[in-house]
Amino acid sequence: MKHSTNYQSPSFVVKDVNGNDVSLNDFKRKTIILDFWATWCGHCKKSFPAMQMAVNKYKDDSDVKFLFIHIWEQSKNPLEEATSYLESNGYTFDLYIDPKDSEGNSKAALLFGVKGIPQKYVIDGGGVVRFNVTGFGGVDDAAVEELSLMIEYTKKMNNNN
């Protein structure tokens, strides 16, 4: 399910692979794509070839940043499991971990109201969520084209602000 939106992104903090805090403020003036996923999620895994195509398409565009945020994991070492999965499949994603709070909730996912995964948000340079997409339709080229249209629209919104 796809939605065009226009609301301020929640202020979130996730961890990078080195354990450093990363927040929305670290990406001011950039179009960012948040992709919430988990290693046990079949639809997430099916979406990854398309997401790798999108990452490759924008790899030289310093105004676009992808954050693959690993959530809801059941393992004792989610960072190791997620890193191993991405590496063994040749994905070059920038991996982030959404730490669980004391009640077992993934904090950033809770702030965004994520109910199902994969869940993607396209956020403009001013921190406004322009699009969100739940699930994966199963056609890589179509998914890349659709995401590219969302990114290009959002980049234009950045330039107008």
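Placed above this text is the structure.
Now for a look at the structure at hand. In this text the structure is predicted, and so the values were computed from the model without any measurement.

**Focus on the state of the cysteines**
Within the structure shown, the criterion is met by one disulfide. Here C41 is linked by a disulfide to C44, with a sulfur-sulfur distance of 2.5 Å. Across the disulfide from C41 to C44, rotation about the S-S bond amounts to roughly 80°, and the bridge is consequently right-handed. Grouping residues by exposure puts C41 and C44 together as buried.

**A short note on the packing of aromatic side chains**
Within this structure, the stated rule accounts for 15 aromatic pairs. With 6.3 Å between their ring centres and 10° between their planes, F66 and F68 make a pair best called stacked. For the residue pair F66 and F68, the accessibility class agrees, reading buried in each case. Ring geometry for F112 and Y121: centres 4.7 Å apart, planes at 45°, overall tilted. Residues F112 and Y121 agree in their burial class; the two are buried.

What counts and how
- Residues numbered from 1 in each chain as written.
- Predicted model: local features only at pLDDT ≥ 70, side-chain atom pairs only at ≥ 80, totals over all residues.
- Heavy atoms only, no water.
- Disulfide = S-S within 2.5 Å.
- Buried < 20%, exposed > 50% of the residue type's maximum accessible area, 1.4 Å probe, protein only.
- Phe/Tyr/Trp six-rings, centres within 6.5 Å; stacked < 30°, edge-to-face > 60°.

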